[in-house]
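Fold and geometry: a report
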Amino acid sequence: MITLGIETSCDETGVGIVKETEILANIVRSQAIHSRFGGIVPELAARDHIKNITIVLNTALAKADLSIDKIDLFAYTRGPGLLGALLVGSAFTRALGISTDKPTIGVSHCESHIYSLHPNLRYPILILLVSGGHTELVLVKQEFDYQHIGTTIDDACGEAFDKVARILGLAYPGGAEIERIARNGRPENVKLPMPKTKKFDFSFSGLKTAVLYYHRDHRDTDPADIAASFQDVVIDYLIEKTEKAANEYQIKRIGVCGGVSANGALRQRFLNLKGREIIFPADSLSTDNGTMVAVCGQKRYLKFGPTPLDIPVFATKQGLL
Ligand code: KG4
Ligand code: ZN
């Protein structure tokens, strides 16, 4: 079965094509237009998806050496995300389904991030999803059987990276920029507070504010030292909460996914954990992409069938994911 997945929930236009578990193409076009605003402008995101989507689709089909009529199933991101951006992807995908007389399926962006761990996904597994819009701890007992055990009470983890990058005068999106300058930083030079939250909840806004004040009050401090300290605190915090959940639910296997899982320092620290099996997405699948949508869509379609054409997209998390 060949599935084509389309991701347009935020500022990446992604098309992925998978044949069962094999990735035939994974093409992502990131929208540069937002960098001058230091954050995503929803209307511009939707318009840019319209401009890019056919190009990205044709590039992916060419890469996979396939014509559109060879696709058996079309998958798209239904939400959560920016409504205008989601509408572009869902309308485009449904039009492809209708014109080729093939089924379409809409999937959750959060669930599709979990499927970026494919083909290493085994159950039960504890998932730490850390992206620009989400920070979730989810226990997956078996396929599609989710128990949501933690979330952020304010900013998402990736959002905190982006805001701290902005404070330090770095380009948007900031996560990769923080990681880049942190490599030459001395974290011990900058003391930042570890967030304190109940049980499996997360909070990043106090830490972000601490960086803001530190930077304001210590103008001579090397931004690399601040970035390194911020990154260290975030990683310590994520590891502390994840280990605590893994212990409480007696889970050995941990999967870390979402854009922040691209962070090399975070990967290394998780991999150093003793007595756990840690899995990450392939590098190209950490940040938003169409392949994870295709894999998730294929799995869901085989179990639950297609999504009716009149089902709307959604902006905020619905149910568990
Ligand atoms: O999953 P994703 O592509 O989009 C959302 O679903 O939000 O995640 C994007 C987020 C951004 O906040 C970005 O700054 C962060 O992932 N990110 C990183 C790194 N690469 C991307 N954060 C830390 N280190 C990185 N190397
Ligand atoms: Zn995402």
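Just above, that's the structure.
To keep things clear, this report deals only with the structure shown in the data block. (Residues numbered from 1 in each chain as written. Chains lettered and ligands numbered in written order. Predicted model: local features only at pLDDT ≥ 70, side-chain atom pairs only at ≥ 80, totals over all residues. Heavy atoms only, no water.)

**A look at the environment of Tyr-213**
Filter applied, for reference: To qualify as a helix, a DSSP run of H or I must reach at least 4 residues; to qualify as a strand, a run of E must reach at least 2; elements of each kind are numbered from the N terminus. Buried, partly exposed and exposed residues are distinguished by accessible area as a fraction of the type maximum, computed with a 1.4 Å probe on protein chains only: under 20%, between the cut-offs, and over 50%, respectively.
Mapped onto the secondary structure, Tyr-213 falls in helix α6 (residues 205-217). For Tyr-213, a relative accessible area of 42% puts it in the partly exposed group. C-alpha separation for the pair Tyr-213 and Ile-167, spaced 46 residues apart in sequence, amounts to 9.8 Å.

**Thoughts on the sheet that holds strand β8 (residues 145-151)**
What counts is decided by this rule: Pairs of strands are assigned from DSSP output, requiring at least two bridges between the strands. Here an axis means a line fitted to C-alpha atoms, over the contact stretch when the element is a helix, while the angle between two N-to-C directions is reported on a 0 to 180 degree scale.
Read across the open sheet, the 5 strands follow the order β8-β7-β6-β9-β10; overall the sheet is mixed. Each edge of the open sheet is held by one strand with a lone partner, namely β8 and β10 (277-279). Across the sheet, the mean angle separating the axes of adjacent strands is 20 degrees when strand polarity is ignored. Bridge analysis of strand β9 (residues 253-257) against β10 gives 3 bridges, and the strand direction is parallel. Among the inter-strand pairings, Arg-253 is bridged to a residue of β10, identified as Glu-277.

**Some points on the pattern of salt bridges**
Opposite charge on two side chains makes pairing possible when the charged atoms of those side chains draw close. We count it as follows: When a carboxyl oxygen of Asp or Glu is within 4 Å of a side-chain nitrogen of Lys or Arg, the pair counts as a salt bridge.
In total, this model carries 17 salt bridges according to the counting rule given. The residue Lys-70 makes a salt bridge to Asp-69 at a minimum N-O spacing of 3.5 Å. Relative accessible area serves as the criterion here: at 45%, Lys-70 is assigned to the partly exposed category. Overall, Asp-69 belongs to the partly exposed group, its relative accessible area being 44%. For Asp-217, the salt bridge identified is with Arg-216, shortest N-O distance 2.9 Å. Linked through salt bridges whose partners overlap, the residues forming this network are Asp-155, Glu-159, Lys-163 and Lys-208.

**Examining the coordination of the zinc ion (ligand 2)**
Spelled out, the test is: Metal donors: N, O and S atoms at distances within 2.8 Å, or within 3.2 Å for Na, K and Ca, with water omitted from the atom set so that some sites may seem incomplete.
Donor atoms from the polypeptide that bind the zinc ion (ligand 2) are His-109 (NE2), His-113 (NE2) and Asp-288 (OD), placed at 2.0 to 2.1 Å. Binding-site remark: the zinc ion (ligand 2) is held by donors from one chain whose sequence spacing is H-x3-H-x174-D. Of the two residues, His-109 and His-113 are both situated in helix α3 (residues 109-115); the distance of 4 residues between them amounts to about one turn of the helix. The same class applies to His-109 as to His-113, namely buried.

**With respect to the site of ligand 1**
The condition that has to hold: Note on terminology: near, applied to a residue and a molecule or strand, indicates that one of the residue's heavy atoms is within 4 Å of it. What qualifies as a polar contact is a pair of N or O atoms within 3.5 Å, subject to a donor-acceptor requirement within protein and to the restriction that residues adjacent in sequence count only when both atoms come from side chains. We get accessible surface area from the Shrake-Rupley algorithm with a probe of 1.4 Å; when it comes to residues, only the shown protein chains can shield them. Basically, the charged four are Asp, Glu, Lys and Arg, the nonpolar ten are Ala, Val, Leu, Ile, Met, Phe, Trp, Tyr, Cys and Pro, and anything else, Gly included, counts as polar.
Around ligand 1 sit 19 residues, and of these Gly-132, Asp-162, Gly-175, Glu-179 and Asp-288 come closest. In the model, an oxygen atom of ligand 1 is placed 3.0 Å from a nitrogen or oxygen of the Gly-158 main chain. Asp-162 places a polar side-chain atom, nitrogen or oxygen, 2.6 Å from an oxygen atom of ligand 1. Relative to its free-state accessible area of 550 Å², ligand 1 is covered by the protein chains to the extent of 90%. Secondary structure elements with two or more residues in the shell around ligand 1: α3, α4 (157-167) and α5 (175-182). Among the elements that make up the shell around ligand 1, the one with the highest residue count is α4 (4 residues). Its residues assigned to classes, the shell around ligand 1 shows 4 nonpolar, 11 polar and 4 charged.

**Describing α4**
Heads up, the rule is: It only takes one pair of heavy atoms within 4.5 Å for two residues to be counted as in contact.
For α4, a buried count of 8 out of 11 residues is recorded, marking the element as mostly surrounded by other parts of the structure. Residues of α4 that are buried sit in contact with β6 (125-130), β7 (135-142), α5, α6 and α7 (223-248). Directly after α4, the chain includes Gly-169, whose backbone phi takes a positive value near 80 degrees.

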